[in-house]
Amino acid sequence: MTKAELLRIFTERFSGTEGTIYASPGRINLIGEHTDYNGGFVFPGAVQQGIMAVIRPNNTSIVRAYSCDLNDYAEWVVDDPQGPEATCFRFVYGVARELMERGVAVKGFDTVFAGDVPLGAGMSSSAALESCFAFGLNDAFGGAVSKWDMVLAGQATEHKYIGCNCGIMDQFASVFGQAGKLMRLDCRSREFEYFPFEPKGYRLVLVNSCVKHELAGSPYNDRRRSCENVAAAIQQLHPDRKIETLRDCTWEDLEEAKATCSAEDIQRATFVLGEKDRVLAVCDALVKGDYEEVGRQMYLTHQGLSKDYEVSCEELDFLNDIAKECGVTGSRIMGGGFGGCTINLVKDELYKAFTKRAVEAFEERFHITPKIIDVVIGDGSRKLN
Ligand code: GLA
């Protein structure tokens, strides 16, 4: 949907009035999966696909919201304790409340929104929606919260209103993204650096398995709990140290923790410690322009996500095998897992053969056509008019 179309839908629905239009993107992540809630590093970038919303304060206490993609409409009182039921509106409701808690005087507003981030593909359509409203409502109601507050408002919405105890990577990438640049974020200190990403002779391409992932609910939260269990056990063994997350733990600590933690928790923590090392290895390799090493680490991440963290599925493992067979430099599950996309670092000359083979082989095996998405690193949250 174009900006003009969305503005027209708003004007039609809300009898001739005009609103301001905002946009926020989805994201990719080169490496550093399930490290954000463990205080580790992540390496995301914003994509060009995102959510657009037209917003206009309406001088009442009522929110009137229309989702173009779902053709669904809801109304609620802005500070109602329950709020709407449909998930797409709970994001809007939650973000508004979180902004209020951070001092923005959000009142009633009219809004229509639409997006082109595939839902459940691991590209953070939810964070795009949250960040779009965090940015837009702050602007529309003359708020003065920082970009970090917008990120935290989005994350708190997931925790309190959706039921997913996510980390901070997705909302961060959506708010802070810049065209052509990846970002290395230290999720413990929140320091970050922009990394121009122009690999000569390679490109990033996503293959969407079209297996819809759903992070709200137990499997994602279970993994987070395992990591917290292990960190807490190590803290008990070492009362003299400050262990907040697995970021503060070493391989020796993990070895010791085997005596008190379940095998499942240890297996999950093993992935996280390995991933911490892999992000740093990728940073070094990027500085040297060694994309073969970047790719090697990506395959290791996939293996860890699949075998130790157990967030893969048959379809994603299949796509990873095909990438390997075709000689693709790097390939892995992207995002939380349980479905969605693989991210692939592919040599220019292999691109055509790989994407063709991936589509054909997947169709033959699963009778679904996977979607090829060329990655273009785009800008973060912004006002469009
Ligand atoms: C989801 C979460 C993020 C992060 C990733 C895995 O996208 O929202 O916070 O944990 O999974 O890296």
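Please refer to the structure higher up on the page.
Predicted, not measured: the structure shown is a model, and the values here were computed from it.

1. Describing the sheet that holds strand S11 (residues 341–347)
Here we have four strands laid out as an open sheet, ordered S10-S11-S9-S12, and antiparallel in their pairing. Single-partner strands in this sheet number two, and they are strand S10 (330–333) and strand S12 (371–374). Averaged over all adjacent pairs, the angle separating strand axes in this sheet is 20°, with direction ignored. In this sheet, S11 lies alongside strand S9 (residues 202–208) in antiparallel orientation, the contact comprising seven bridges. Pairing of asparagine 208 across the sheet is with cysteine 341, part of S11. The strands touched by helix H9 (residues 291–308) within the sheet are S9, S10 and S11, with S10 carrying the most contacts at an inclination of about 30°. Contacting S9, S11 and S12, helix H11 (residues 351–366) crosses the sheet at an angle of about 10° to S9.

2. A closer look at the pattern of salt bridges
Tallied over the full model, the rule gives 24 salt bridges. Salt-bridge contacts for glutamate 33 lead to arginine 332; the nearest nitrogen and oxygen are separated by 2.8 Å. Residue glutamate 33 is located in the loop between strand S1 (20–29) and strand S2 (41–42), and its partner arginine 332 is located in strand S10; the two are separated by 299 residues in the primary sequence. Exposure class is identical for glutamate 33 and arginine 332. Each is buried. Residues lysine 383 and aspartate 139 are paired through a salt bridge, measuring 3.1 Å at the closest nitrogen-oxygen approach. Here the residue lysine 383 occupies a position in strand S13 (residues 382–383), and aspartate 139 occupies one in helix H3 (residues 125–140), the gap between them amounting to 244 residues. Residue classification places aspartate 139 among the partly exposed residues on the basis of a relative accessible area of 33%. Beyond isolated ion pairs, a larger network of salt bridges with shared partners links Glu98, Glu101, Arg102 and Lys160.

Thresholds, definitions, all that
- Residues numbered from 1 in each chain as written.
- Predicted model: local features only at pLDDT ≥ 70, side-chain atom pairs only at ≥ 80, totals over all residues.
- Heavy atoms only, no water.
- Pairing = 2+ DSSP bridges.
- Helix = DSSP H or I, 4+ residues; strand = E, 2+ residues; numbered from the N terminus.
- Axes fitted to C-alpha atoms, helices over the stretch in contact; angles between N-to-C directions.
- Contact = heavy atoms within 4.5 Å.
- Salt bridge = Lys/Arg side-chain N within 4 Å of Asp/Glu carboxyl O.
- Buried < 20%, exposed > 50% of the residue type's maximum accessible area, 1.4 Å probe, protein only.

Purely geometric numbers; function is a separate question.
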